[in-house]
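# Topology and contacts: notes
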Amino acid sequence: MAITATQPTTGRLIVDWEGYLNLPDDLTHYEIIDGEVIPLASPRLKHQAIVTQLIQQIAPFVATNRLGGVFTAPFDFVIRRAPVRTRQPDLFFLSRERLHDWMHLQEQPRLEFAPDLVIEILSPSETYTYWSEKLQDYFALGVPEVWLVDVDKRAIEVQVREAGGYRSLGWFAGEQAVASQVLAGLELKPAEVFAVLDELEGGQAV
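Note that this is a predicted model, so its numbers are computed, not measured.

This part takes up the nonpolar core. Buried together is how nonpolar side chains tend to be arranged in soluble globular proteins. Ile50, Leu54, Ile58, Trp147 and Leu188 are the most contacted members of the largest nonpolar core, which has 27 residues in total. Listed by contribution, the elements that provide at least two residues to this core are α2 (45-64), β8 (91-95), β10 (117-121), β11 (145-150), β12 (155-162) and α5 (190-201). When residues no more than four places from it in sequence are discounted, the contact partners of leucine 54 are Ala59, Leu91, Ile119, Ile121, Val149, Leu188 and Val193. Among the nonpolar cores identified, the runner-up in size contains 19 residues, and Ala114, Trp131, Val146 and Leu148 belong to it.

One open sheet holds the three strands; their spatial order is β7-β6-β9, and the pairing between them is mixed. Two strands bound the open sheet, and with one partner strand each, they are β7 (85-87) and β9 (110-111). Two elements, strand β6 (residues 76-80) and β7, share three bridges in a ladder whose sense is antiparallel. Following the sheet pairing, valine 78 is matched in β7 by threonine 86.

This part covers the sheet that holds β8. Read from one edge of the open sheet, six strands run β5-β8-β10-β11-β12-β13, paired in mixed fashion. Each edge of the sheet is formed by a strand with only one pairing partner; in this case those strands are β5 (68-72) and β13 (165-173). For this sheet, the mean angle separating the axes of adjacent strands, direction not counted, is 15 degrees. Where α2 meets the sheet, it contacts β5, β8, β10 and β11, and its direction lies at approximately 175 degrees from that of β5. Here α5 sits on the sheet in contact with β11, β12 and β13, set at roughly 135 degrees to β12.

Quick look at the pattern of salt bridges now. When charged atoms on two side chains of opposite charge get close, those side chains can pair. Per the stated rule, a full pass over the model turns up 14 salt bridges. Across the pair glutamate 31 and lysine 134 runs a salt bridge, and its minimum N-O distance is 3.4 Å. With glutamate 31 in strand β3 (residues 30-33) and lysine 134 in helix α4 (residues 128-141), this residue pair connects regions lying 103 residues apart in the sequence. Per residue, the accessibility class of glutamate 31 equals that of lysine 134, and both read buried. In this structure, the salt-bridge partner of glutamate 112 is arginine 81, at a minimum N-O distance of 2.9 Å. Linking glutamate 112 in the loop between β9 and β10 with arginine 81 in the loop between β6 and β7, this pair joins segments that are 31 residues apart in sequence. By relative accessible area, which is 45% here, arginine 81 ends up partly exposed. Connected through salt bridges with shared partners, the residues Glu31, Asp34, Arg80, Arg85, Arg87, Glu120, Lys134 and Asp137 form a single ionic network.

The next thing to look at is the packing of aromatic side chains. What the rule picks out here adds up to eight aromatic pairs. Ring plane angle 25 degrees and centroid distance 5.4 Å describe the contact between phenylalanine 71 and phenylalanine 92, whose orientation is recorded as stacked. Of this pair, phenylalanine 71 sits in strand β5 while phenylalanine 92 sits in strand β8, placing them 21 residues apart in sequence. Residue phenylalanine 71 is classed as partly exposed on the basis of its relative accessible area of 24%. Take phenylalanine 92: its relative accessible area is 4%, and that puts it in the buried class. A centroid spacing of 4.8 Å and a plane angle of 85 degrees characterise the contact between phenylalanine 77 and phenylalanine 92, whose relative ring orientation is edge-to-face. In this pair, phenylalanine 77 sits in strand β6 while phenylalanine 92 sits in strand β8, placing the two residues 15 residues apart along the sequence. Residue phenylalanine 77 shares its accessibility class with phenylalanine 92, and that shared class is buried. Pairwise contacts between aromatic rings join Phe71, Phe75, Phe77, Phe92 and Trp102 into one cluster. Positioned over the ring face of tyrosine 130 is arginine 87, at 5.8 Å from the centre of the ring. Sitting over the face of the ring of phenylalanine 139, arginine 161 holds its NZ or CZ atom 3.9 Å from the ring centroid.

Calculation criteria
- Residues numbered from 1 in each chain as written.
- Predicted model: local features only at pLDDT ≥ 70, side-chain atom pairs only at ≥ 80, totals over all residues.
- Heavy atoms only, no water.
- Core = buried A, V, L, I, M, F, W, Y, C linked by side-chain atoms within 4.5 Å.
- Buried < 20%, exposed > 50% of the residue type's maximum accessible area, 1.4 Å probe, protein only.
- Helix = DSSP H or I, 4+ residues; strand = E, 2+ residues; numbered from the N terminus.
- Contact = heavy atoms within 4.5 Å.
- Pairing = 2+ DSSP bridges.
- Axes fitted to C-alpha atoms, helices over the stretch in contact; angles between N-to-C directions.
- Salt bridge = Lys/Arg side-chain N within 4 Å of Asp/Glu carboxyl O.
- Phe/Tyr/Trp six-rings, centres within 6.5 Å; stacked < 30°, edge-to-face > 60°.
- Lys NZ or Arg CZ within 6 Å of the ring centre and 35° of its normal.

Shown next as structure tokens:
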């Protein structure tokens, strides 16, 4: 029997694997941490502006070189089935190798294997512990590379997976191109990504 229960004292929604598979279709923006369904806050507009800019700069490079596909949240990656643990990265890249069975994958509502690259937009309200746990989950899933995008600092950190954990390749800002191992050859400069914030503030069209 599936466990899908709301605790009366806290209102927490707890699910097992079967309960997770049967969550209502209109519940989309959430993560599940050890069986507890945790709704995610709606992103701020500047968050969405940066996501759009990243897509606009990364997707043409990926398409031109026929590398795979770039996708956005909400979409579940299953870290483990018991207790259920899922994450929804802001952006993720799947290589052609991972997309080889596209006819099957395109109908999937979740994936249980690692994307090649995860990009997360940092929020000032989220703690170090939260991000540390998220990185641990991406490591457990096997994600080769994770970008952490700090909108307030206008900088992007690149973390690459090694045997014992993630290793930072450093923070990239201004005209310094992001050093990606997964998307080698990509010329992405943080200044060009974050310029949209100045354009919006000045009332200019994006």
